[in-house]
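Observations on the model geometry
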Amino acid sequence: MGKYLLCLFFILLSFDSIDSYLMPPLFRKFNVEIVNQLEFHKILRVHCKSKSHDFPITYLNIGESFQFKFTIFPKTLYWCNLWQGPNYKHYVVFAAFRPDKDFIDGTCTGMHPNVCRWTAKEEGVYVRNKQFEGEYFMYTWDAPSKIRKIPPVNAPSSESEFDS
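Residues numbered from 1 in each chain as written. Predicted model: local features only at pLDDT ≥ 70, side-chain atom pairs only at ≥ 80, totals over all residues. Heavy atoms only, no water.

1. Topic: the overall build of the protein
The number of helices and strands found in the protein is 2 helices and 11 strands. Listing every helix and strand of the protein by position from the N terminus yields α-β-β-β-β-β-β-α-β-β-β-β-β. Of all 164 residues assigned to the protein, the portion counted as buried reaches 43%. Taking the contacts inside the protein whose residues are at least 6 apart along the sequence as the reference set, 49% of them involve residues at least 24 apart. (Helix = DSSP H or I, 4+ residues; strand = E, 2+ residues; numbered from the N terminus. Buried < 20%, exposed > 50% of the residue type's maximum accessible area, 1.4 Å probe, protein only. Contact = heavy atoms within 4.5 Å.)

Right, here's the structure in full:
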């Protein structure tokens, strides 16, 4: 009986290699990267966490990055708080990772190269997105933490939002 359960487990595990629209790539490794591209030598204060893991606050100089790796589970959710130095009164809070296919493929760059790269700039926070072959503006500083839905390539640009 144990051999059959083990076989069934590996079969279910292999489903994440199938390019299914509905199923996120569970139990695969993923990375989130935060990059400081602020101007005027501003330091970026970063604090990312999940329900089960709280990273220490990190301070990034211009050009530096903070990266963390994890395994995707069904309820994996990471959010990050970013503050602009030197007085750290401008901030943004956002979902840096959600375990759904729309977020992984639509917001981030998908499972290849399996990194969701967020870049802090003067205007706000951008995400690298392969659909737009570059960075896509997502959040303004001091803004509510809503995720801007990235429109399909052929669709007209809209500012549609949905809750994170």
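2. With respect to the confidence of the model for the protein
Confidence along the protein averages 80 in pLDDT terms, with 72% of residues attaining 70 or more. Per-residue pLDDT stays below 50 along residues 10-22; that stretch engages in 11 contacts with residues further than four places along the chain or on separate chains. Low pLDDT, under 50, characterises residues 150-164; the predicted model gives this stretch 30 contacts beyond four residues in sequence or across chains. (pLDDT = per-residue confidence, 0-100.)

3. What to know about the sheet that holds strand β1 (residues 29-36)
The 5 strands lie next to each other as β4-β1-β7-β8-β9, forming an open sheet whose pairing is mixed. Pairing within the sheet leaves two strands with one partner each, and these edge strands are β4 (65-71) and β9 (134-140). Strand-to-strand twist across the sheet, computed as the mean angle between neighbouring axes with direction ignored, equals 20 degrees. Where β1 lies against β4, 7 bridges are found, and the strand directions are antiparallel. Following the sheet pairing, Ile34 is matched in β4 by Phe66. (Pairing = 2+ DSSP bridges. Axes fitted to C-alpha atoms, helices over the stretch in contact; angles between N-to-C directions.)

4. Brief notes about the nonpolar core
Looking at soluble globular proteins, one finds that nonpolar side chains tend to be buried together. Ile34, Leu82, Phe94 and Trp118 are the most contacted members of the largest nonpolar core, which has 34 residues in total. Top element by residues in this core is strand β6 (residues 90-97). It accounts for 4 residues. (Core = buried A, V, L, I, M, F, W, Y, C linked by side-chain atoms within 4.5 Å.)

5. Re the state of the cysteines
Per the stated rule, a full pass over the model turns up 2 disulfides. Bridging Cys48 to Cys80, the disulfide has an S-S length of 2.0 Å. In this structure the cystine formed by Cys48 and Cys80 twists about its S-S bond by roughly 110 degrees; its chirality is therefore right-handed. With a gap of 32 residues between them, Cys48 in strand β2 (residues 44-49) and Cys80 in strand β5 (residues 78-84) connect regions that are remote in the sequence. With a relative accessible area of 1%, Cys48 lands in the buried category. In this model, Cys108 is linked to Cys116 through a disulfide, with the two sulfur atoms separated by 2.0 Å. Judged by the sign of its S-S torsion, about -75 degrees, the bond between Cys108 and Cys116 is left-handed. As far as burial versus exposure is concerned, Cys108 and Cys116 are alike and both buried. Indicated for the protein is the disulfide connectivity 1-2, 3-4, based on numbering the bonded cysteines in sequence order. (Disulfide = S-S within 2.5 Å.)

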